[in-house]
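In case you want the letters, here they are:
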Amino acid sequence: MLLILQVRYEKYFAAAALLMMMAACGSAGQDKKLEGTTWKLAKMEAIPAAAVGKEADFFTLEFNAADTMVAGRTNCNRFFGKYELKGKELELKNLGMTRMACPDMQYEDAFVKMLDEVDRFEIKGAELTLFDDHKALAVFKAVEKSLRSSNSADAEYLRQSPTGLPFLYKAE
């Protein structure tokens, strides 16, 4: 009798372990979605890793499907604008931004120039690559939700402009 109980428990344990492994493998292989994910710059030729990692929300992007707005932050200013998707083609339009002066503005300039050149994207797992034709311009990694609130709040603030036009400055 003891042997039968032990065999049953081993079968249940093995089945539970198998289900957990299948669930883990299934979610690990899925690609993140462009929209609704906060993306943080991981690699870009003109911006050193030290500048990217200086603050958690430096060089971030978030695409909002509800109003086709993109919002994010450079190493200094916040930006916002519209975007258009056609399959894997991506065009960022009418980008506006706050205009504070900060150290290392050359990194912001390079980041904004890169955004202007984007015409296509590719997502593999939790990695977003932005392209100009066939040239990779920048690689981003999906980040935890903790960074989302700042970019989403900026996009919401911009939508609530009394004139219907985006503000170019947000008082903090």
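Here we summarise the structure given alongside this text. Everything numeric here is computed off the predicted structure, so don't read it as measured data. (Residues numbered from 1 in each chain as written. Predicted model: local features only at pLDDT ≥ 70, side-chain atom pairs only at ≥ 80, totals over all residues. Heavy atoms only, no water.)

1. Some words on the state of the cysteines
Note on terminology: disulfide describes a covalent bond linking the sulfur atoms of two cysteines.
Part 1 of the reasoning: Scanning all chains against the criterion turns up one disulfide.
Part 2 of the reasoning: The partner cysteine of Cys76 in its disulfide is Cys102, sulfur to sulfur 1.9 Å. Given an S-S torsion of about 65 degrees, the disulfide between Cys76 and Cys102 has right-handed geometry. Of this pair, Cys76 sits in the loop between strand S3 (69–73) and strand S4 (78–86) while Cys102 sits in the loop between strand S5 (89–97) and helix H3 (105–117), placing them 26 residues apart in sequence. (Disulfide = S-S within 2.5 Å. Helix = DSSP H or I, 4+ residues; strand = E, 2+ residues; numbered from the N terminus.)

2. Some words on the nonpolar core
Part 1 of the reasoning: Ranked by internal contacts, the top residues of the largest apolar core, which has 30 residues, are Phe111, Met114, Leu130 and Phe140.
Part 2 of the reasoning: Take this core: its biggest share by element is five residues, from H3.
Part 3 of the reasoning: Sequence-distant contacts of Leu130, defined by excluding residues within four places in its chain, comprise Leu61, Leu90, Met114, Leu115, Val118, Arg120, Phe121, Lys135, Ala136, Leu137, Ala138 and Phe140. (Core = buried A, V, L, I, M, F, W, Y, C linked by side-chain atoms within 4.5 Å. Buried < 20%, exposed > 50% of the residue type's maximum accessible area, 1.4 Å probe, protein only. Contact = heavy atoms within 4.5 Å.)

3. Here we look at the pattern of salt bridges
Part 1 of the reasoning: If you walk through the whole model with that rule in mind, you get nine salt bridges.
Part 2 of the reasoning: Of the charged contacts, one joins Lys93 and Glu84 as a salt bridge, the two residues approaching to 2.5 Å between their closest N and O atoms.
Part 3 of the reasoning: One continuous salt-bridge network, built from bridges that share partners, spans Asp57, Arg73 and Arg78. (Salt bridge = Lys/Arg side-chain N within 4 Å of Asp/Glu carboxyl O.)

4. What to know about unusual backbone geometry
Part 1 of the reasoning: Not every positive phi belongs to a glycine, and Thr68 is a case in point at roughly 45 degrees.
Part 2 of the reasoning: Of note, Thr68 is situated in the loop between strand S2 (60–64) and S3.
Part 3 of the reasoning: Take Thr68: its relative accessible area is 29%, and that puts it in the partly exposed class.
Part 4 of the reasoning: Phi at Asp133 takes a positive value of approximately 55 degrees, unusual for a residue other than glycine.
Part 5 of the reasoning: Structurally, Asp133 can be placed in the loop between strand S7 (127–132) and strand S8 (135–142).

5. A short note on the pairing of S2
As a general feature of sheets, a regular strand has side chains that alternate between the two faces.
Part 1 of the reasoning: Of all five residues in S2, four are buried; the element is thus mostly enclosed.
Part 2 of the reasoning: Where strand S1 (residues 38–43) lies against S2, three bridges are found, and the strand directions are antiparallel. Within S2, the residue paired with Trp39 across the bridge is Leu61.
Part 3 of the reasoning: Counted along the chain from S2 to the antiparallel partner S3, the turn is four residues long, and its residue Thr68 has a positive phi close to 45 degrees. (Pairing = 2+ DSSP bridges.)

6. Thoughts on the packing of aromatic side chains
Part 1 of the reasoning: According to the stated counting rule, one finds five aromatic pairs in the structure shown.
Part 2 of the reasoning: Between Phe79 and Phe111 the ring centres are 6.0 Å apart and the planes differ by 55 degrees, which places this aromatic pair in the tilted class. Taken as a pair, Phe79 in strand S4 and Phe111 in helix H3 lie far apart in primary sequence, 32 residues in all. One exposure class covers both Phe79 and Phe111, and it is buried.
Part 3 of the reasoning: On the numbers, 6.2 Å between centres and 65 degrees between planes, the contact of Phe111 with Phe140 is edge-to-face. Residue Phe111 is found in helix H3, and its partner Phe140 is found in strand S8; the two are separated by 29 residues along the sequence. (Phe/Tyr/Trp six-rings, centres within 6.5 Å; stacked < 30°, edge-to-face > 60°.)

7. Remarks on the pairing of S5
Part 1 of the reasoning: Relative to S5, S4 runs antiparallel, the two sharing seven bridges. Looking at the pairing, Lys86 lines up with Glu89 of S5.
Part 2 of the reasoning: Turn length for the S4-S5 hairpin, with the two strands adjacent in sequence and antiparallel, is two residues, and the turn residue Gly87 shows positive phi of about 65 degrees.

8. Details of the side chain of Thr37
Part 1 of the reasoning: Positionally, Thr37 belongs in the loop between helix H1 (2–28) and S1.
Part 2 of the reasoning: Engagement of the side chain of Thr37 in a polar contact is seen with the backbone oxygen of Lys33, the distance being 2.7 Å. (Polar contact = N/O pair within 3.5 Å; in protein donor to acceptor, adjacent residues only side chain to side chain.)

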